[in-house]
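Analysis of the macromolecular model
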Amino acid sequence: MTRKITLYLVLLCIVSLVQEFGVSRMTIFRVSPDIVTIFLAFIAVTTSQKTSTSFGFAAGLLTGLLTGNIGLNMLARTAGSFIAGYFHTPITSHATAKQKTRRFYGAVIAAGICVNAVLANGSNPLGLSLAYRVFFFGLLESLFNLILAVILNRLFLRKSFAD
Amino acid sequence: MSKLFTLFFKYNNWLLFLLYCSIAFLFMRLQDHEMLAKLRTGGIEFTSVINEKLMSFSSLFTLKNENDRLMQVNTDLLSRVLSLETAAVDERNRRKILADTTVNASGFIMARIVDRKFSDRENILVIDAGWKKGIQKNMTVLVPEGLVGRVTSVSEHYARVMPVIHTDFRVSVVSDSTSNMGVLTWSEGRESIAQVEHIPISSHLKLNERIVTSDFSTFSIRGIPVGRVIRIKPDNLFYSVDVRLAVDFSSLNQVLIAPLKIEPEKIEISSDTTNN
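Since the model is a prediction, treat every value here as computed from it, not as a measurement.

What about the interface of chain B and chain A?
- Taken together, the contact pairs 23 residues of chain B with 23 residues of chain A.
- Surface buried jointly by chain B and chain A totals about 2000 Å² across both partners, of which 75% is contributed by carbon and sulfur atoms.
- Broken down residue by residue, the surface that chain B buries against chain A is led by N13(B), F17(B) and Y20(B), which jointly contribute 26%.
- Scanning the region where chain B abuts chain A turns up zero salt bridges.
- Counting across the chain B and chain A interface gives three residue pairs in polar contact (both at pLDDT 80 or more).
- Going through the elements one at a time, α2 (12–29) and α3 (34–61) of chain B are the ones with two or more residues in the side of chain B that touches chain A.
- With 12 residues, the top contributor of residues to the side of chain B that touches chain A is α2(B).
- Residues that form the side of chain B that touches chain A fall into these classes: 16 nonpolar, six polar and one charged.

In structure tokens:
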């Protein structure tokens, strides 16, 4: 377990850097996908709500350091991971790969909306209305995240959700 | 107490979440704290350094486009600089001409030299003033330094000028201090040297004497500087005199055109041969 956690921590650092220096530049309609949220959703589904919440906190600290808004990012990621934790599938469960995958997608959408809502409440760099930021940007970002999650699932995560 | 522990274990997820949220709020609250500010500054520094490296790396892929873009910008800037520099030079020359006290420029027309041909086929100057600006054939073209030439043909907006350094050009001149009369000509050779003909051996022409246009000229007003005597060589009846021209034709760009000298009575009496 410790090995797994260490691996996830290393991966979290890499994912945060990739998000900050790569993915965040790929904006469509002023919105970019968030691979940190996808990764946190994956952790939430495969480990536990507690672990994912802690990872969310760590991810918030990392992304906050990189973006310059530590507190808000910590809050947003912690909340997103906590919400994603509700989609956790215990190892003992008899869920099929398809069900696990669906739960993973659900976690991605829920965490994405939550993270976006908290961030939208805390900062408004474009000067847009809160409703617009929460609903339009939140839904759009969740959609992008979902598309990316589907691609990543097909490419790398399928084994993790195997029966 | 056991109930409290049960509650704690039952809702430990929530408690952990609340703990993290509290820390996050604390961070938000203490945002301006020195330590957090240092952390933030360090993060921004790190991000900026990486971004700079990434930008320089990614710029390698767009180097050609960037090069083309810069070339375009360079071209635009160059054309602007050239245009401004030309305007500045024109303005400087205009002011120089207007400021010159030896020339009363009030009745003069100012023009810019737009073309110059000094070849074996043609030797002319083209100015950007034509009959629309009042230019007429045989008007004197000059600059404060001296005589440039005479207008030979005029169109609506342009005029051709025969310069002093043309083999067909003739103008009556007079030496400044000894008042010796002669005719200035130019024979093919150096651009800055002309000759004065018909100065008799008996005259007392001196070296370095100033030569100006005389009143005998049919087109030029008198007193326009032409040059200075640099060589006097006696011939059979006349001196062979070399004059260094006052005007540097290689750097001419703005000229004045003097009003036409109207002396019909003088022309009439000069050409009248009946009462010889």
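A look at the environment of L54(B)
- With respect to the element layout, L54(B) can be found in helix α3.
- For L54(B), a relative accessible area of 32% puts it in the partly exposed group.
- Apart from residues lying up to four places away in sequence, L54(B) is in contact with F21(A) and R25(A).

Quick look at the environment of R160(B)
- Looking at the element boundaries, R160(B) is found in strand β5 (residues 159–163).
- Its relative accessible area of 34% is what places R160(B) among the partly exposed residues.

Points about the packing of helix α2 (residues 35–46) of chain A against helix α3 (residues 49–67) of chain A
All names here are of chain A.
- The interhelical angle for the contact between α2 and α3, taken along N-to-C directions, is 160°, at an axis separation of 9 Å. Between α2 and α3, the angle falls in the class roughly antiparallel. Seen from above, α2 lies across α3 with right-handed handedness. Touching V36, L40, I43 and A44 of α2 are S52, F55, G56, A59 and T63, all from α3.

Describing the sheet that holds strand β9 (residues 210–213) of chain B
- The six strands are arranged β6-β7-β8-β11-β10-β9 (chain B) in a closed barrel whose pairing can be described as antiparallel. Averaged over neighbouring strand pairs, the angle between their axes works out to 40° when direction is ignored.

What to know about the packing of aromatic side chains
- One pass over the full model with this rule turns up 15 aromatic pairs over all chains.
- Between F82(A) and Y86(A), the aromatic rings sit 5.6 Å apart at their centres with planes inclined by 80°, giving edge-to-face as the arrangement.
- Under the relative-accessibility criterion, Y86(A) is labelled partly exposed at 46%.
- Geometrically, the ring pair formed by W14(B) and F17(B) is edge-to-face, given 5.9 Å between the ring centres and 80° between the ring planes. Residue W14(B) and its partner F17(B) are both found in helix α2; the two are separated by three residues, about one turn of the helix.

Some points on the confidence of the model for chain B
- Residues with a pLDDT of 70 or more make up 87% of chain B, whose mean pLDDT is 81.
- The lowest-confidence element of chain B is helix α5 (residues 264–271) of chain B, averaging 67 in pLDDT; the highest-confidence one is strand β7 (residues 181–185) of chain B, averaging 91.

Some details on the sheet that holds strand β4 (residues 146–154) of chain B
Residue and element names in this part refer to chain B.
- Spatial ordering of the closed barrel is given by β1-β2-β5-β4-β3-β12, a layout of six strands whose pairing is antiparallel. In this sheet, adjacent strand axes meet at a mean angle of 45° when their direction is disregarded.
- Relative to β4, strand β3 (residues 140–143) is paired through four bridges, and the arrangement is antiparallel. Residue pairing across strands places V143 opposite G146, the latter belonging to β4.

Focus: the nonpolar core
- V148(B), L184(B), L252(B), V255(B) and I257(B) are the most contacted members of the largest nonpolar core, which has 45 residues in total.
- For I257(B), the contacting residues outside a window of four places in its chain are F108(B), I109(B), A111(B), I127(B), I135(B), M139(B), T140(B), V141(B) and V151(B).

Brief notes about the pairing of strand β6 (residues 171–175) of chain B
Residues and elements named next belong to chain B.
- The element β6 is largely enclosed, with a buried count of five among its five residues.
- Neither face of β6 is open: one carries V171, V173 and S175, the other S172 and V174, and all of them are buried.
- Examined bridge by bridge, β6 and β7 share four bridges and lie antiparallel to one another. Bridge pairing links V171 to L184 in β7.
- In this antiparallel pair of consecutive strands, β6 and β7, the connection spans five residues, and S179 shows a positive phi of 55°.
- Of the strand pairs in this sheet, β6 and β9 are connected by three bridges, and their pairing is antiparallel. Bridge assignment links V174 to a residue of β9, and that residue is V212.

Rules of the game
- Residues numbered from 1 in each chain as written.
- Chains lettered and ligands numbered in written order.
- Predicted model: local features only at pLDDT ≥ 70, side-chain atom pairs only at ≥ 80, totals over all residues.
- Heavy atoms only, no water.
- Contact = heavy atoms within 4.5 Å.
- Buried area = accessible area lost by both parts, 1.4 Å probe.
- Salt bridge = Lys/Arg side-chain N within 4 Å of Asp/Glu carboxyl O.
- Polar contact = N/O pair within 3.5 Å; in protein donor to acceptor, adjacent residues only side chain to side chain.
- Helix = DSSP H or I, 4+ residues; strand = E, 2+ residues; numbered from the N terminus.
- Nonpolar A, V, L, I, M, F, W, Y, C, P; charged D, E, K, R; others polar.
- Buried < 20%, exposed > 50% of the residue type's maximum accessible area, 1.4 Å probe, protein only.
- Axes fitted to C-alpha atoms, helices over the stretch in contact; angles between N-to-C directions.
- Parallel < 35°, antiparallel > 145°, perpendicular 65-115°, else oblique.
- Left-handed = near helix turned anticlockwise from the far one by under 90°.
- Pairing = 2+ DSSP bridges.
- Phe/Tyr/Trp six-rings, centres within 6.5 Å; stacked < 30°, edge-to-face > 60°.
- pLDDT = per-residue confidence, 0-100.
- Core = buried A, V, L, I, M, F, W, Y, C linked by side-chain atoms within 4.5 Å.

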